[in-house]
Structure formats: structure tokens, C-alpha cells
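# Architecture and fold: a report
For reference, the chains in residue letters:
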Amino acid sequence: MNIEKIVTLAKKRGFIFKSSEIYGGVAGLYDYGPLGFLLKQKLVDYWRKFFLKDDNIFEIETCFIMPEKVFEASGHLKGFVDPITKCKKCKSVYRADNLIEEKLKIFVEGKKSEELTQIIKENKLKCPECGGELEEVKVFNLMFSTNIGPIEGNPGYLRPETAQGIFVNFKNVLNSLRAKLPFGIAQVNKSFRNEISPRQWLIRLREFTQAEIEFFVNPEERFEKWKIYENIKIRVLTREAQRKNKEVEEMTIKEALERGVIPIDYMAYFIAKEQIFYESLGIPKEAIRFRHILEEETPHYSKGNLDMEIKFDFGWKEVVGNAYRTDYDLKNHSIYSKEDLSYVYPDGKKIIPHVVEPSFGIERTIYAIMLYSFVEDKERGWDWFKFVPKISPINLGIFPLLKRDNLPEKAREIYENLKKDFDCIYEESDSIGKRYARADEIGVNFCITVDHQTLEDSTVTIRDRDTTKQTRVKISELKERLRAMLA
Ligand code: GAP
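Fair warning: this is a prediction, and the values are worked out from it, not measured in the lab.

What counts as what
- Residues numbered from 1 in each chain as written.
- Predicted model: local features only at pLDDT ≥ 70, side-chain atom pairs only at ≥ 80, totals over all residues.
- Heavy atoms only, no water.
- Pairing = 2+ DSSP bridges.
- Helix = DSSP H or I, 4+ residues; strand = E, 2+ residues; numbered from the N terminus.
- Axes fitted to C-alpha atoms, helices over the stretch in contact; angles between N-to-C directions.
- Core = buried A, V, L, I, M, F, W, Y, C linked by side-chain atoms within 4.5 Å.
- Buried < 20%, exposed > 50% of the residue type's maximum accessible area, 1.4 Å probe, protein only.
- Domains from an automatic or database assignment.
- Contact = heavy atoms within 4.5 Å.
- Buried area = accessible area lost by both parts, 1.4 Å probe.
- Salt bridge = Lys/Arg side-chain N within 4 Å of Asp/Glu carboxyl O.
- Polar contact = N/O pair within 3.5 Å; in protein donor to acceptor, adjacent residues only side chain to side chain.
- Near = heavy atom within 4 Å.
- Areas by Shrake-Rupley, 256 points an atom, 1.4 Å probe, with all protein chains shown as cover.
- Nonpolar A, V, L, I, M, F, W, Y, C, P; charged D, E, K, R; others polar.
- Left-handed = near helix turned anticlockwise from the far one by under 90°.

Okay, the sheet that holds strand 7 (residues 138-141) next. Ordered in space as 6-5-7, the 3 strands form an open sheet in which the pairing is antiparallel. Pairing within the sheet leaves two strands with one partner each, and these edge strands are strand 6 (93-95) and strand 7. Averaged over all neighbouring strand pairs, the angle between strand axes comes to 45°, with direction disregarded. One ladder, built from 4 bridges, connects strand 5 (residues 81-86) with strand 7; its direction is antiparallel.

Further remarks concern the nonpolar core. Counting residues in hydrophobic clusters, the biggest one holds 78 residues, and the most contacted among them are Phe15, Trp47 and Tyr278. When residues of this core are assigned to domains, at least three fall in each of domain 1 (3-75 + 152-373) and domain 3 (394-486). Aside from chain neighbours lying at most four places away, what touches Trp47 is Leu52, Ala186, Val188, Ala211, Glu212, Ile213, Phe277 and Phe360. Leu396, Ala411, Leu418 and Cys424 belong to the second-largest nonpolar core, a separate cluster that totals 19 residues.

Our focus in this paragraph is the domain arrangement of the protein. Under the domain assignment used here, the protein contains domain 1 (3-75 + 152-373), domain 2 (81-141) and domain 3 (394-486). When each unit is reduced to the centre of its C-alpha atoms, the spacing between domain 1 and domain 3 is 39 Å. In this assembly, 7 residues from domain 1 lie in contact with 6 residues from domain 3. Taking both sides of the interface into account, the surface hidden between domain 1 and domain 3 amounts to around 560 Å²; carbon and sulfur atoms contribute 51%. Contact with domain 3 buries area across many residues of domain 1, yet Arg13, Leu35 and Lys42 alone supply 65% of it, more than any other trio. The interface formed by domain 1 and domain 3 holds 3 salt bridges in total. Between Glu441 and Arg13 there is a salt bridge, and its shortest N-O distance comes to 3.0 Å. For the pair domain 1 and domain 3, the number of links is 5 residue pairs in polar contact (both at pLDDT 80 or more).

Within the structure, the ligand sits among 18 residues, and Glu161, Leu205, Glu212, Glu318 and Glu357 are positioned closest to it. A distance of 2.9 Å separates an oxygen atom of the ligand from a polar atom in the side chain of Arg193. Within the contact set of the ligand, an oxygen atom lies 3.3 Å away from a backbone nitrogen or oxygen of Gly361. For the ligand, the protein covers 89% of the area, taking 550 Å² as the surface of the free molecule. Mapped onto the shell around the ligand, the elements with two or more residues apiece are strand 11 (207-217), strand 16 (315-326) and strand 19 (354-361). Classifying every residue of the shell around the ligand gives 5 nonpolar, 4 polar and 9 charged.

Quick look at the packing of helix 2 (residues 34-52) against helix 11 (residues 265-280) now. Axis separation between helix 2 and helix 11 bottoms out at 11 Å; the angle between their running directions is 145°. The element helix 2 and its partner helix 11 pack so that their crossing is right-handed. Residue-level contacts link Leu43, Tyr46, Trp47, Phe50 and Phe51 of helix 2 to Phe270, Lys273, Glu274, Ile276, Phe277 and Ser280 of helix 11. Taken together, the residues of the contact of helix 2 with helix 11 break down into 8 nonpolar, 1 polar and 2 charged.

To continue, consider the packing of helix 5 (residues 96-104) against helix 6 (residues 113-122). Direction vectors running N to C along helix 5 and helix 6 enclose 35°, while the axes themselves pass 10 Å from each other. Here helix 5 runs over helix 6; the crossing is left-handed. Every residue of helix 6 that contacts helix 5 at Ala96, Asp97, Ile100 and Leu104 is listed here: Leu116, Ile119 and Ile120. In terms of residue class, the contact of helix 5 with helix 6 is made up of 6 nonpolar, no polar and 1 charged.

We now examine the sheet that holds strand 19. Pairing is mixed in the open sheet, where 9 strands are placed in the order 3-10-11-19-16-15-14-12-13. Either end of the sheet is taken by a strand with one partner, and the two such strands are strand 3 (57-59) and strand 13 (249-252). On average, adjacent strands in this sheet sit at an angle of 30° to one another, irrespective of strand direction. Across 6 bridges, the pairing between strand 16 and strand 19 is antiparallel. Along strand 19, the bridge assignment pairs Tyr324 with Val356. In the packing of helix 11 onto the sheet, the strands contacted are strand 3, strand 11, strand 12 (233-237), strand 14 (288-292), strand 15 (306-312), strand 16 and strand 19, and the crossing angle to strand 16 comes to about 155°.

Next comes the structure, spelled out in C-alpha cells:
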């Protein structure tokens, strides 16, 4: 797992660039290049098909900037903070809890600023950069703030999660669609967090893409659909395992629900789908686990969180947050906005729906895909990405063997025909070997080569990226064969 090689290849071939790089770049900000953009687009399209279709979930797109009241109601204004400490000498700033955890190997999540200051003092922790003394721990709000309009006094914030755009539109969506419980509202777009120490490439960013579903339910009503997946197996890091330093346990979705690891049947449905989704992206089963968030880490309003984590080169990290947010958000927005955000049944019964939220990090998913698709290949002499066809930015490369003898004309004709149905590239410069290498590097699934035999018997060769084996196929059967091979 050589992340440096992956980052280098991702830049060289136009997947991910440092943002504003010509000015030195900015920590925690990355741009997508042409191939990264395609990869992301395909991933998100696949996510939409997999999670939204057939499940009474409606996608919306809401503003990035929201007024202060929203975040007063959501609790972000007060509570979306991280503890920081500053070096008195070199002025470097650190996340105090991370610093303590790294240096002392103790768990301090949820501790107050004063307690963290005390731990730093007692253990004589110094600035890792210059050895200087550290200041008292303070809290820092992670939201980017601005003023809306030219007149001061109208504060706004870049949203730190897409979810708030969904909650404030709950009533609009409900009324416009006459939606019936249970139903979901989804959003895929940017969120912003002014992270103190962005790091690990696409893992902790200041601007990132979330794909979130807020699934509105009546907790008194049961959701039979989860039973489709009751026998799906997941690997769970239970609370007990975390406390006693034990291994993950494999259990079925049914067992996880019965044991209270999954707090409600609606969430069981999404958890099972997440397992299937990530495996289908090429992430190995043993690199996926669900961590039952400890009581002390669980937000006070939540009835249970279960994070999906992936094993990265540096260790395990949350990629999907699953939270049973209860009626906390709608209730608070009702109070602050004075709008009635309840759901009314045909018989007049009113409830504030509960919310089950799966929240996906798209950049962390892309990191994981790149990590597990990367093949270091000494035999071939170049490294390449083994992307699964559904998210591979380019599925086919169409090449004439040589740049003469009417081969380019024939290859172009085939390319023009295939591009109507497939994501293709056409290339004729350099040797065929170099073109295969370049295609492998960006994960092109199959290369179609037009040679002299093509002109005689209307056949081409298809080269399989994964095996490099070539098979000869009639042009008249090409589309059908490719469709089957890319399915
Ligand atoms: N609405 C719930 C929510 O935002 P979260 O656990 O804070 O929950 C959900 O975020 C997901 O968003 C995470 O699992 C992660 O994949 C992604 N994410 C959060 N902060 C991120 C950051 N600074 N950089 C990249 N991805 C991040």
C-alpha cells in the first residue's frame, strides 16, 4: 500500500490536484482533474442508483451558505468545536485531543478543555515542532463564517454537513410531494469544515463532498424491508471489544439488530446495503468493519451510531457515519423557526418523525477505491488502477496498431460507433505498448486494437487490462461482447 505512489500517479494522470497549486496550494483543499471528475461522477451516479432508487428517497440540492439561526437550532454554533492548543514559542496550533492521544496513547474523546489542559501540564507535553510550551486548551468552531450582504450583522456560515439543508426543507418536500412515511431526502454536494490540521490526503479536508440520506420514520412502525438483507454478514467492532481491546466479530444483520448494535430496523437496511456497496467497489471484506460508537462518544440526542470504517494505509477510518438522530433536528428547527414540522396522518394524528441518517464521505471513498485498486506491477513495468467497470472513468481504449496503412481510419470508425454507448478514448501516438501502459495507468478496462487482419476479416482484438490477454472478436459482435464484459 504505497500511498505516495498513488498520490503521484493521481496527479500525473489528472485525478486529483492540490488546489491553487501554482500559489503553493492550501492544506485540506484538493481539486478534481478530468479523470478524477469522471471517477467521482460515476461513483455518485452509482450511489444514487444503489441507495435512492426504489426506496422512496428524493434528492434535493440546497445552498452552501445558511444563516446563523440554522446553526443555532442544529447546535453547531455552540457545539461544533474542537479543542486546540498553541505553542507559545513557534505559534504552531494543534488539536489538543489528538496530540494527547498520539503522545500518551490514552483516549480523551469528550473531555473538557480544562481537563485537557491539566493532562498536558501533568504529562509535560511540549510542542512537537520546537519543544516550546503549550498554551491553555481553547475551543475552536470549525464552521467557516461570513457576512451575508454588505451590511454587517447578518452572519452566515458555509454548511458543515449537507443534512441541515435537508431539515430546513423538510416541510417543503413533504408538502410538494405529499410524501408518506417512511421516506428519505438525500443530498450529494459540498460541506465545509475549517479543520485544524488537515491531513492524510483526502481524509481530513476543509472542503469535501458528502452523500447524505435523512430517512424520516415513525419509530412506532416497523420496516419489514430490512429482512431482505437479514443474512448479510458484517464485521462489527463492538463496544466491549473496544473497551477490552478485542477483535472484530462477524455477525449477521439480524444478530446485530437483536443485540442492539444496530438501534433500529431502518438503520439495519442501510448498513447491509453499505456492506454490499463497498464490496462491489473492490474494497475487500476484511478491510470493512462497523464500529459501534461508545456511549461517551455518542451525541446526547442519538439513540445509537455505527460507523462504517475502512482500513487505510495508516489505519482504520470512518467513511460512512450512521446515526439514529431521533426527532432532535426537526424538533429544534420547529422551535427556532416557529414552523410546525410535524407529519400528519390521514386520521389527524401528528408526529415529529425520527431520522435515521447514513452519511457518506465521497473523498474518503475515492481514497479507499484508489488504495484497493492500485496494482504495483514490476512485471509489466508500470503501476495501474484496477477500477471496477461501473466507476472506471474510461472503460475502453480504441487504438490502431500503427499510424498508417488505413488502420487509423478504421479505428476511428469503430471509436465513433462505440462512443455512442461506452466511455472511450482514441489514441494513435506512440507504440502500442506505451498506449497499453497509459491505458492501464488510468484503469481503462479493455483496449480494442485495429490491425492488418481487421481490414481483411473485420475482427479486432480485445485486451483485458487485468490479465493482458487478447481475444479476437468480430466487429459485428463487439458491442454485445463488451456490454457483457463490462457488466
Ligand atoms: N451529517 C452527519 C455528518 O456530517 P460526520 O461523521 O461528521 O457526520 C460524515 O461526517 C462523513 O463525512 C464521514 O464519515 C466522512 O466520510 C466525511 N467527512 C467528515 N469530515 C470530513 C473531512 N474533514 N474531510 C473529508 N471527509 C469528511
